[in-house]
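Residue-level structure breakdown
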Amino acid sequence: MDNVVAVDVDALRDRIEGTVVAPGDAGWDDARQAWNLHVDQRPALVAVPQSEADVAAIVGFARENGLRVAPQGTGHNASAIATLERTILVKTHALRSVEIDVERRRARVGAGVLWAEVTGPASEHGLAPLAGSSPDVGVVGYTLGGGLSWLSRRHGLAANSVLAIELVTADGRLVRCDRDHEPDLFWALRGGGGSFGVVTAIEFVLYPAPRVYAGALLWPWERAGEVLRRYVEWCRTAPDAISTSARILQVPPLPDIPEPVRGRQFVAIDGAFLGSPEAGAEVLAPLRALDPEIDMFAPIPAAALSHIHMDPEHPVPAIGDGMVLDELTPAAIDALVAVAGPGSGSPLLAVELRQLGGAIGVPPAEHGALAKIGGAFAFFAVGMAMTPEMGDAVGAHVDRVMEAMDPWDAGRRYLNFTERSADARAFFPEGTLRRLQAVKRDVDPGDVFVSNHPVPLAD
């Protein structure tokens, strides 16, 4: 049922250059859709601003009419939003500017920019951002949640490479915050999520990466236990120059998937090495000794990193969730293979172990709310929900997998890998959460802003 509110929608339309879509309008279903097609978003209105001034006008209108505001770029993690009741969903996808400053090695992008729109032009100059593993993930949402990149074990979390953030606050001000201006807000935004305003632009560091040695190794999934045990052991001494993930994959039989992998099951290790191909090959030698069926590691431009994970590059209906794991024992690998590998009956597309450590686990001298991610691996399980019945089966199996890995839970969740509602205490230590709540109280005392993983106002 649509979330209908009694407000003068035309008054908002008159205030902005962008568009406003209300329940019953043509295009309503498209306007409210998240990237995850399984999510049924029911806001009061959808507004698509064309400028920062539009954003300020939308926030002002919401405040005057007792409505809330939910900023959203792509909607990749929209399944974790508890409710959009009496909320204007602000789709920022029209804020699409990209500026690359080659000399200063930095980029400034609008809130609607996708990573593919940054990695391409940056790569032409031998530079790379700390981009996500999928080309159509939005820069802003990914970064506010922390940001795990294929370069993160060397350079840290994307949130801690941010130089400045521009946003509209609850009182309608357009604020630019950095280390010297609004430092508390700048701290909160870097890894504290989207509870503090509507981000309109973000500026961040680009790193030298003329070419990287990257790709994937694949084995038949019957070897999952053997390969994953070797992988976990290899991760303990792998240099910070390499960032990887290991997955048990069930590749769907779709026509746009290459024939050698279409409709098959694999255990896969993919990732990227910052260094020469010769040095990279030496690092990978213990994994290659397991004789993969497919070996795709090769020198590639940094822009191609967004394709090595083979994530869907268009909206899909999916159900998933994740956690952070401590060091894994052979018993942990046995438990994972039993619940997600051959003979398990798993309907999941993938279960993933994303390698942590290196710079990800060490707080930089100057950092935001997410200083580091502890533990050994970020874990994520996901499946396609093409029908309600498939959704029920996938959701139940995600629960089974999470329960199976619970003995190795590191005790803290990661915002971007958590696709269900969770208490804020699951993400942040007590002192960090108190500081985030203090910032929230200062900039949004009326709790105007809705996010997928909200920082609650202090009691």
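Small disclaimer: the values here were computed from a predicted structure and weren't measured.

Examining the overall build of the chain
- Looking only at helices and strands, the chain features 12 helices and 19 strands.
- The C-alpha radius of gyration computed for the chain amounts to 22 Å, which stays within 12% of the reference 23 Å derived for 459 residues, consistent with globular compactness.
- Dimensions of the chain along its principal axes, counting C-alpha atoms only, are 65 × 55 × 45 Å.
- Expressed as a percentage of the 459 residues in the chain, the buried residues total 57%.
- Across the chain, the fraction of contacts at a sequence separation of at least 24, relative to all contacts at a separation of at least 6, is 73%.
- Just so you have it, the chain exposes about 18000 Å², and 53% of that area is on carbon and sulfur atoms.
- Averaging the locations of the 39 positively and 59 negatively charged side chains of the chain gives two centres separated by 4 Å.

Some points on the pairing of strand β6 (residues 106–110)
- Counted residue by residue, β6 has 4 buried out of 5 residues, so it is predominantly covered.
- Pairing of strand β5 (residues 98–101) with β6, which is carried by 4 bridges, proceeds in the antiparallel orientation. When the bridges of β6 are listed, Glu99 appears paired with Arg108.
- Between β5 and β6, which pair antiparallel one after the other, the connecting turn spans 4 residues, and Arg105 there sits at a positive phi close to 55 degrees.
- With 5 bridges connecting them, β6 and strand β10 (residues 198–205) associate as antiparallel partners.

Points about the sheet that holds β5
- The strand order across the open sheet formed by 5 strands is β5-β6-β10-β8-β9, and the pairing between neighbours is antiparallel. Edge strands, defined here as strands with exactly one partner in the open sheet, are β5 and β9 (174–177). Looking at each pair of strands side by side, their axes are set apart by 10 degrees on average, direction ignored.
- Each of β5, β6 and β10 is contacted by helix α4 (residues 116–123), which is oriented at about 30 degrees to β5, the strand it contacts most.

Examining the sheet that holds strand β2 (residues 45–48)
- Judged by pairing direction, the sheet is mixed, and its 4 strands sit side by side in the order β1-β2-β4-β3 without closing on themselves. Edge positions in the sheet fall to β1 (19–21) and β3 (68–72), since each of these pairs with one other strand and no more. Ignoring which end each strand starts from, the neighbouring axes of this sheet average 25 degrees apart.
- Relative to strand β4 (residues 87–91), β3 runs parallel, the two being bridged by 5 bridges. Directly across from Arg68, in β4, lies its bridge partner Thr87.

Overview of the nonpolar core
- By size, the foremost hydrophobic cluster in this structure holds 80 residues, and its most contacted members are Ile88, Ile165, Phe196, Phe204 and Leu305.
- Look past the residues within four positions of Ile88 in its chain and what remains in contact with it is Leu12, Leu45, Ala47, Ile58, Phe61, Ala62, Leu67, Arg68, Val69 and Ala70.
- By size, the runner-up hydrophobic cluster in this structure holds 48 residues, among which are Tyr213, Ile248, Phe273 and Ala381.

What about unusual backbone geometry?
- Backbone geometry at Arg105 places phi at a positive 55 degrees, although glycine is not the residue there.
- As for its position among the elements, Arg105 is in the loop between β5 and β6.

Focus on helix α12 (residues 430–443)
- Over its 14 residues, α12 extends 20 Å from the first C-alpha to the last, a length consistent with the 20 Å expected when each residue adds 1.5 Å.
- Within the sequence span of α12, burial applies to Thr432, Leu433, Leu436, Gln437, Val439, Lys440 and Val443. For α12, the buried positions fall inside an angular range of 160 degrees around the axis, keeping them on one side. Set apart from the buried face of α12 by more than 90 degrees, the exposed residues are Glu430 and Asp442.
- Against the buried residues of α12 lie α7 (183–189).

Quick notes on the packing of helix α8 (residues 224–235) against helix α10 (residues 330–340)
- Two numbers describe how α8 lies on α10: the axes approach to 10 Å, and their chain directions differ by 140 degrees. In the packing of α8 onto α10, the handedness of the crossing is right-handed. Between α8 and α10, the residues in contact are Ala224, Gly225, Leu228, Arg229 and Val232 and Pro330, Ile333, Asp334, Leu336 and Val337, respectively.
- Per-class residue counts for the contact of α8 with α10 are 7 nonpolar, 1 polar and 2 charged.

Focus on the packing of α8 against helix α9 (residues 277–288)
- Remark: α8 packs on α9, axes separated minimally by 9 Å, with the N-to-C direction vectors making an angle of 150 degrees. For the pair formed by α8 and α9, the contact residues are Arg230, Tyr231 and Trp234 on the first element and Val283, Leu284, Pro286 and Leu287 on the second.
- Grouping the amino acids of the contact of α8 with α9 by side-chain chemistry returns 6 nonpolar, no polar and 1 charged.

Section: the pairing of strand β8 (residues 162–168)
- With 7 of 7 residues buried, β8 lies mostly within the body of the structure.
- Here 6 bridges tie β8 to β10, and the two strands are oriented antiparallel to one another. If you follow Leu167 over to β10, its bridge partner there is Val199.
- Taken together, the 4 bridges between β8 and β9 define a ladder with antiparallel strand orientation. When the sheet's bridge partners are listed, Ile165 is paired in β9 with Cys177.
- Adjacent in sequence and paired antiparallel, β8 and β9 are bridged by 5 residues, among which Gly172 carries a positive phi angle near 85 degrees.

Cut-offs and rules
- Residues numbered from 1 in each chain as written.
- Predicted model: local features only at pLDDT ≥ 70, side-chain atom pairs only at ≥ 80, totals over all residues.
- Heavy atoms only, no water.
- Helix = DSSP H or I, 4+ residues; strand = E, 2+ residues; numbered from the N terminus.
- Rg over C-alpha atoms; globule rule 2.2 N^0.38 Å.
- Buried < 20%, exposed > 50% of the residue type's maximum accessible area, 1.4 Å probe, protein only.
- Contact = heavy atoms within 4.5 Å.
- Areas by Shrake-Rupley, 256 points an atom, 1.4 Å probe, with all protein chains shown as cover.
- Lys, Arg positive; Asp, Glu negative; His and termini not counted.
- Charge placed at Lys NZ, Arg CZ, Asp CG, Glu CD.
- Pairing = 2+ DSSP bridges.
- Axes fitted to C-alpha atoms, helices over the stretch in contact; angles between N-to-C directions.
- Core = buried A, V, L, I, M, F, W, Y, C linked by side-chain atoms within 4.5 Å.
- Expected span 1.5 Å × (residues − 1).
- Arc of directions from axis to C-beta.
- Left-handed = near helix turned anticlockwise from the far one by under 90°.
- Nonpolar A, V, L, I, M, F, W, Y, C, P; charged D, E, K, R; others polar.

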